[in-house]
Amino acid sequence: FNAGVMFMHLDRWQDQRLTEEVEFWIQKNNEMPVYDLASNPPLVLAVKRNFEVLDDVWNCYHSSPCWDAGNASILHWNGPQKPWQLQKRSDF
C-alpha cells in the first residue's frame, strides 16, 4: 500500500498494537539499515496484509482518470506540482 494517503480505524490500530510494531521496524532499521524510503516501509511491515484497498477516488493522483473526471474525493499532490504554485483554480 501507499502511506501517502491513509485512513485508519484507530480502535483496530490500538488493538493490534501497530504503533509498537512500526516503532520496532524503525528501531531495527536504525540498528541495521535495510530501507531508506522514510515512513512507508515500517508501516507496510507492521500492517502486513491487514488492510483494505479503497477506490482510487480516495487517493487520486494528478492525470489519473478520477482527477480528469473531477470525481476525486482526495487529491494526492504527488511530485513537484503543488496547488499553491498554480496560477488559477482552472489549473487543477
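A quick note: this is a predicted structure, and the numbers were derived from the prediction, not measured.

Before going further, it helps to spend a moment on helix α3 (residues 40-47). The complete set of buried residues in α3 reads Pro-41, Pro-42, Leu-43, Ala-46 and Val-47. Just downstream of α3, Lys-48 is the residue with a positive phi angle, here 60 degrees.

As a further point, take the confidence of the model for the protein. Summing up the model confidence of the protein, the mean pLDDT is 84 and the portion of residues at 70 or higher is 90%. Of all the helices and strands in the protein, strand β2 (residues 75-76) carries the lowest mean pLDDT, 83, while helix α1 (residues 10-15) carries the highest, 95.

Relative to the assigned elements, Asn-59 resides in the loop between α3 and β1 (60-61). Looking at Asn-59, its side chain comes within polar contact range of the side chain of His-76, at 2.5 Å.

Below, the discussion takes up the layout of surface pockets. Regions of empty space are outlined by a rolling probe, equal in size to a water molecule, passed over the atoms. In this structure, the largest pocket spans a volume of roughly 730 Å³. In this structure, the largest pocket is lined by 22 residues; those nearest its centre are Phe-7, Phe-51, Glu-52, Val-53 and Leu-54. Elements with a minimum of two residues in the lining of the largest pocket: α1 and α3. Along the lines of polarity and charge, the residues of the lining of the largest pocket split into 13 nonpolar, 5 polar and 4 charged.

All right, on to the packing of aromatic side chains then. Applying the stated criterion across every chain, the model contains 3 aromatic pairs. Look at Phe-7 and Trp-58: their rings are 5.5 Å apart centre to centre, the planes differ by 85 degrees, and that puts the pair in the edge-to-face class. With Phe-7 in the segment before α1 and Trp-58 in the loop between α3 and β1, the pair connects residues that are 51 residues apart, well separated along the chain. Given the relative accessible area of 38%, Trp-58 is considered partly exposed.

Definitions and cut-offs
- Residues numbered from 1 in each chain as written.
- Predicted model: local features only at pLDDT ≥ 70, side-chain atom pairs only at ≥ 80, totals over all residues.
- Heavy atoms only, no water.
- Buried < 20%, exposed > 50% of the residue type's maximum accessible area, 1.4 Å probe, protein only.
- Helix = DSSP H or I, 4+ residues; strand = E, 2+ residues; numbered from the N terminus.
- pLDDT = per-residue confidence, 0-100.
- Polar contact = N/O pair within 3.5 Å; in protein donor to acceptor, adjacent residues only side chain to side chain.
- 1 Å grid on protein atoms, 1.4 Å probe; cavity = no way out; pocket = protein on both sides within 12 Å on 5 of 7 lines; lining within 4 Å.
- Points joined across faces, edges and corners; volume = space filled by probe spheres on them.
- Nonpolar A, V, L, I, M, F, W, Y, C, P; charged D, E, K, R; others polar.
- Phe/Tyr/Trp six-rings, centres within 6.5 Å; stacked < 30°, edge-to-face > 60°.

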